[in-house]
Amino acid sequence: LSTPLFFDQTPVVAWRAWALVETGEGPELRSVVYAHPWPARAPLRMACEPGGCLGARWPMQPHACGIHAFKDRADAVAFPSMWEARRFPQGAFPEQSVVGQVSLWGRIVEHERGYRAELAYPYALLLSPEQGRFAAPLAARYNVDVLVEPHARP
Amino acid sequence: LRFLFVSTRGVNLAEIGDPVREIEIVPREEPLPQELPLPEPSVPERELEPA
C-alpha cells in the first residue's frame, strides 16, 4: 500500500483466486466473477453489484456483495475453473488465474467456508512455474510477496 | 457481456456457505509512536566529528 495502515487487530487473511490479465502496464489481478481490476498499492473497496443486493442493507442477507475469500486454499484453487465451467459449459476457458492470500478488513461477514469483506488487499501470491515470468512484475506492481511453487497448477 | 447469459445471483454465497458472524477490523487514525518512521538527522554526522 502506498499509505501504510496501522491496526490493533490483525486483518483477516484468507485465500482467493484472481484472474490474471496482461495489460499495457504489465500483469493485473482482476476479480474472477466481475473482472474488476484490483488496484495496485491501494485497498479495494467492495461495491454492490446490480441484481446482487435484493434491497437489503449491506452486509445483511440476502446481500451477496462484498469481497469474497475462502478459508481453505483448496476452495480458492477450485473456484476459477468451477466458475469458468458455468460461464462456458462447452469448455474453452479464456483466462488464467492465480491463487494467493488476501488481507480483509473493515466490516467482514464470516461464512462457513469463507468471508465477505468491505476492504481488501493481496497479501501474497502463489504462481505456477508456467506463470513464473509474472512474478517480478506482480511483486513490483502490488508490492507483495510472490512465490513460484514447483508443483502448483496454473 | 460477461453476464448476458449467466446470472450471478446467489452463486457466490453458495460457495462460501451460510453466514456465521460479523466482525469489524478498522485501522487506527494515527500510528503508535513506535510505528512512526525515524526522523532524518538534522545535522550530518560528519559535521559532529571533531576536526
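Criteria and thresholds
- Residues numbered from 1 in each chain as written.
- Chains lettered and ligands numbered in written order.
- Predicted model: local features only at pLDDT ≥ 70, side-chain atom pairs only at ≥ 80, totals over all residues.
- Heavy atoms only, no water.
- Helix = DSSP H or I, 4+ residues; strand = E, 2+ residues; numbered from the N terminus.
- Buried < 20%, exposed > 50% of the residue type's maximum accessible area, 1.4 Å probe, protein only.
- Arc of directions from axis to C-beta.
- Contact = heavy atoms within 4.5 Å.
- Phe/Tyr/Trp six-rings, centres within 6.5 Å; stacked < 30°, edge-to-face > 60°.
- Lys NZ or Arg CZ within 6 Å of the ring centre and 35° of its normal.
- Salt bridge = Lys/Arg side-chain N within 4 Å of Asp/Glu carboxyl O.
- Core = buried A, V, L, I, M, F, W, Y, C linked by side-chain atoms within 4.5 Å.
- Pairing = 2+ DSSP bridges.

## Let's talk about the overall build of chain B
- Each helix and strand counted, chain B has two helices and one strand in total.
- Each helix and strand of chain B, placed in order from N terminus to C terminus, yields the pattern α-β-α.
- Counting across all 51 residues of chain B, residues that qualify as buried make up 22%.

## What to know about helix α2 (residues 135-142) of chain A
Residues and elements named next belong to chain A.
- For α2, the full list of buried residues reads A135, L138, R141 and Y142. The buried residues of α2 all sit within an arc of 140° when viewed along its axis, so they share a single face.
- Taken together, the buried residues of α2 touch β1 (12-23), β2 (26-31), β6 (114-127) and β7 (145-148).
- At the C-terminal side of α2, N143 shows a positive phi close to 55°.

## Observations concerning the packing of aromatic side chains
Residue and element names in this part refer to chain A.
- Here the structure, examined in full by the defined rule, presents three aromatic pairs over all chains.
- For the pair W18 and W38, a centre-to-centre distance of 5.4 Å together with 85° between the ring planes defines the contact as edge-to-face. Here the residue W18 occupies a position in strand β1, and W38 occupies one in the loop between β2 and β3 (44-45), the gap between them amounting to 20 residues.
- You can call W38 buried: its relative accessible area is 2%.
- The ring of Y115 is capped by K71, whose NZ or CZ atom sits 5.6 Å from the centre of that ring.

## Quick notes on the pattern of salt bridges
- Counted by the stated rule, this structure contains 10 salt bridges over all chains.
- With its nearest N and O atoms 2.5 Å apart, the salt bridge here joins E110 of chain A to R21 of chain B. On the criterion of chain membership, the pair formed by E110 of chain A in strand β5 (residues 96-111) and R21 of chain B in strand β1 (residues 19-25) is interchain, its members lying in two chains.
- By relative accessible area, R21 of chain B is classed as partly exposed at 47%.
- Salt bridges sharing partners connect three or more residues here, namely E25, E28, R30 and R141 of chain A.

## Section: the nonpolar core
- Counting 31 residues, the largest nonpolar core has L29, W38, L104, I108 and L138 of chain A as its most contacted members.
- Every element with two or more residues in this core is listed here: β1, β4 (67-70), β5, β6 and α2 of chain A together with β1 of chain B.
- For this core, the leading source of residues is β6 of chain A, giving seven residues.
- L104 of chain A has contacts with P11, V12, A14, A69, Y115, A117, L119 and A120 of chain A together with I25 of chain B, leaving out every residue within four places of it along the chain.
- Residues V33, A76, F79 and L126 of chain A belong to the second largest nonpolar core, which totals 11 residues.

## Let's talk about the pairing of β6 of chain A
All names here are of chain A.
- The buried fraction of β6 is high, at 13 of 14 residues.
- Bridging between β3 and β6 involves two bridges; their strand directions are antiparallel. Bridge pairing links L44 to A120 in β6.
- Pairing of β4 with β6, which is carried by four bridges, proceeds in the antiparallel orientation. Across the sheet, the residue bridging to F70 is G114, located in β6.
- The pairing of β5 with β6 spans 10 bridges and is antiparallel. Within the sheet, the bridge partner assigned to G100 lies in β6 and is L125.
- Count of turn residues in the β5/β6 antiparallel hairpin: two residues.
- Bridge analysis of β6 against β7 gives four bridges, and the strand direction is parallel. Counterpart to L127 in the pairing with β7 is V148.

From the geometry alone we can't say anything about function, so treat these as descriptive.
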